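The lines below spell out each chain.
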Amino acid sequence: MMYQLTELTVSNFRSIKGTLTIPLDAPIVLVHGPNGVGKTSIATAIELALTGDVAGLRRSDEKVQSHLVNRDAQEAAIALRMTGGPKPETKVTIQGGVIRGTPILDDDGRIFFTDRCYLSQSTLGRLLDIYQAPTSRDPSNTPLTSFVKKLLGLDQLEALIDGVYPAGHKARMSKLSADFDRADQLEERLQDEQREVDALQRSQNADIDRLKAELEPFRASLGLPQDLTTAAAMLAESEDPELLARHEARVSGVRSLQYQWSSFASKEAQEDRASLETEEADAARALEDYIAGPGRRLADSITSIRPIFPDLADPEQTDPEETRVAAIQLVDREIARVDGLLSSAAAASRSLSVTDQSISQLQARLKLLNDQIADIAGDAAGLGQALAALLPHVTNDVCPVCDRAFNEVSEISLRTHVSQEVARLVGQSEKLKSLVAERQQVQTQLAEFERSRSAEAARVMTPVDVTTQQQRLATLRTAKGELEALAAETGQGTRIYSRHAAAATKVAQMRLRDSTSAEIRSKLSTLAETIAEPPIAETETTQDALSRLIFATETVFKAAIALQADRKAAAETLARLQALAAEKAERDAQAAARTERRAQLTAAHRMVKRERDLATTLGRAATEARSAIVGRVFNERLNAIWRDLFIRLAPNEPFVPSFVLPESGERTVNALLETVHRDGGTYGRPGAMLSAGNLNTAALTLFLALHLSVKPELPWLLLDDPVQSMDELHVAQFAALLRTLAKHEKRQLIIAVHERSLFEYLSLELSPAFAGDKLITVEVSKSPEGSTRYATKVVGFEPDQLVA
């Protein structure tokens, strides 16, 4: 995934006052503004967030970090976001000359960005001088030489040349082998070791003779060969860990057959085959007679009530008496249920008539109470309350409502008259309360009778249902009578079924003994064949065959046990002999190795000479390879890329800058610059042969050539005002080069320019040319108060309507 810078946020950094949030997620970002408004501050902020330093500014001032915060602020902050990188975001703050925060790039990435990706405005004019300035006392140790050496990849090759050089010296070669120092001590140590080996060998020879004597009897019984390895392999191949188990299983199997046969033989002697078969036949005939007679009548009775009791058992498949008793029990329960149902329905019908009469009486009483309450209620209650409220206001005989004198129409006072009317109306209210309470009581009784009537009506049966239940009751009573009449016969049937089942079981067992006897003889025949015994003859009884095979299997089992013990003892003896032989072989090998070591030390001096010759040849080949690499890289890569870029930007310049090709590969690589005329011939350095404008072009194209000459570790190019002293032709060629870098080389370009016309020209030339492409422009300026203002514009691809 390609690295892509997406957004930069800068606050109070250098000449930027305030906060800027600039989108960067486009192949090309153009930044424009007059000098001093913050274009270089934006580029420096990106450098600081990526690398953690401002190397471009530090070349001019070692303490530059003390001046990175805007003079009107106490702290500066930078936030940079990206996709596809080692981390998606970083934040850096600067306060009191201290930079805090973790940069996005590692050490290698920081070096690559500083040297190959960022070209600051202050660096461009003196880039060639910076590249060629020595960084140490060695005049050839310049940044440009370091770049070239890294590009050439000669570190390992030169290390190889340096490494094989000391190998050509005899004194140093002798240090590579310490065998020379040990050669004098080896002989005495070998003699001491040999005496110890001889004593140990004599002791082991006595052990070997004893073990061979112990093995000799097993060679005869087991047929083992003389060779120890072959004998051990023979025992291992013929080993059968399940042999004893099989023999033991055979003995157990034959004894089990003996026990089984003894049991069957004793039963067969006690029972007579003919009597059993006769008894079974008589029981079968008796069962048939029963099924055709009483059994059929029982089945018919059961069938008549099966619609009522579908789960009732079939009497021909179960005990007849049990079936009859179970059926009677079911019938009795059903008769009791139907009788109860009919009785309950009749009682409910009678109770329903009484309840209906009570309901009619209560309804009539309720109507009477409602009429009385309606007559009394009227406005009596409201008038009584009104007069009671008016009474406190009656102080004389003048009516407070009509303002007339009441003594004109009555001899009693107005207050007395009002009090009497209030008392009368209150009496009627008490009677009304009594009537309402009685009506509520009647309504409660009426509701209870209606609920009782609903329950009784649910128990009342229709005439059709009563007839159906009466028919069901008659069927049940008829079936009960038939079942009770069959009591004696079904008892006899149960006994017939039991007798037949017992006789059939005995005959089946007798036939099973016959088949088992045949199976036992078959198993004995198979066993006899397996253990190579004579087969069982027709005249040989089963008991005789069992006795013979029991003896044979036990004899074979005992022989297998003895054989297994001999094999185990022989295997242990062979293992001891093989271990002693292996120890002897190991000692012989060690003795031979010691002798060989002395011979190797003698040959070491000859090996030193061969190694020295090989090192000399290798060093010569490495030197030649380095010479070939230097010529190829200088001609085919560096000079070719630089020449192509320079000619594109300065097509009319006859002198083309170039690297000086070393004359010999054996010389130290030193990157020097010269100019080559297009018609041929080499000339002076670029500073002496090129104009000021073309000298800047040479520096810019050298920077781009070094960036493009290796695999892009970071696909970014950050150029701060790269167009310096370029005419219109140079600018047009530069715009085409930028488009090539962005579209074909897949570089993300961030370019700062200060000329308005150049910004508008580049915005037009670098505008999106296909779907998905885009361009971001950023214009930076200052407000009257000195704050930094900016405007961003994201330009997407728009098809040409005229072409469309």
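Scope of this entry: the structure provided in the associated data block. Here the structure is a predicted model, which means the values were calculated and not measured. (Residues numbered from 1 in each chain as written. Predicted model: local features only at pLDDT ≥ 70, side-chain atom pairs only at ≥ 80, totals over all residues. Heavy atoms only, no water.)

### Some remarks on the packing of helix 22 (residues 728-743) against helix 23 (residues 756-765)
Packing of helix 22 against helix 23 brings their axes to within 10 Å, and their N-to-C directions diverge by 40°. As far as their axial angle goes, helix 23 and helix 22 are oblique. Between helix 22 and helix 23 lies a crossing of right-handed hand. Residues Val731, Ala732, Ala735 and Arg739 of helix 22 touch helix 23, and the partners they reach there are Leu758, Tyr761, Leu762 and Glu765. Partitioning the contact of helix 22 with helix 23 into residue classes produces six nonpolar, no polar and two charged. (Axes fitted to C-alpha atoms, helices over the stretch in contact; angles between N-to-C directions. Helix = DSSP H or I, 4+ residues; strand = E, 2+ residues; numbered from the N terminus. Parallel < 35°, antiparallel > 145°, perpendicular 65-115°, else oblique. Left-handed = near helix turned anticlockwise from the far one by under 90°. Contact = heavy atoms within 4.5 Å. Nonpolar A, V, L, I, M, F, W, Y, C, P; charged D, E, K, R; others polar.)

### Focus on empty space enclosed by the protein
What the rule picks out here adds up to two cavities of 30 Å³ or more. By volume, the largest cavity amounts to about 50 Å³. Surrounding the largest cavity, Val31, Lys39, Ile42, Ala43, Leu718, Leu719, Asp720, Ile750, Ile751 and Ala752 form its lining. Where the lining of the largest cavity is concerned, the elements lending two or more residues are helix 1 (39-51), strand 11 (716-720) and strand 12 (748-753). Looking at the lining of the largest cavity, its residues break down into eight nonpolar, no polar and two charged. By volume, the second largest cavity amounts to about 40 Å³. Lining the second largest cavity are Tyr290, Ile291, Gly295, Leu298, Pro315, Glu316, Pro320 and Tyr497. Taken together, the elements giving at least two residues each to the lining of the second largest cavity come down to helix 12 (273-292) and helix 13 (294-305). By residue class, the composition of the lining of the second largest cavity is six nonpolar, one polar and one charged. (1 Å grid on protein atoms, 1.4 Å probe; cavity = no way out; pocket = protein on both sides within 12 Å on 5 of 7 lines; lining within 4 Å. Points joined across faces, edges and corners; volume = space filled by probe spheres on them.)

### Thoughts on helix 21 (residues 692-708)
With 17 residues, helix 21 should cover 24 Å at 1.5 Å per step; its first-to-last C-alpha distance of 24 Å lies within 8% of that length. Counting buried positions along helix 21 gives 14 out of 17 residues, so the element sits mostly inside the fold. Among the residues of helix 21, the N-terminal cap falls to serine 691, whose side-chain oxygen and the backbone nitrogen of asparagine 694 are separated by 3.3 Å. (Expected span 1.5 Å × (residues − 1). Buried < 20%, exposed > 50% of the residue type's maximum accessible area, 1.4 Å probe, protein only. Polar contact = N/O pair within 3.5 Å; in protein donor to acceptor, adjacent residues only side chain to side chain.)

### Side note on the packing of aromatic side chains
Applying the stated criterion to the full structure yields four aromatic pairs. On the basis of an interplanar angle of 20° and a centroid distance of 6.1 Å, the ring pair of phenylalanine 113 and tyrosine 118 is categorised as stacked. Tyrosine 118 shares its class with phenylalanine 113; the two are buried. Judged by centre distance (5.2 Å) and plane angle (80°), the rings of phenylalanine 655 and tyrosine 683 are edge-to-face. Of this pair, phenylalanine 655 sits in strand 8 (residues 655-659) while tyrosine 683 sits in strand 10 (residues 682-683), and the two are 28 residues apart along the sequence. (Phe/Tyr/Trp six-rings, centres within 6.5 Å; stacked < 30°, edge-to-face > 60°.)

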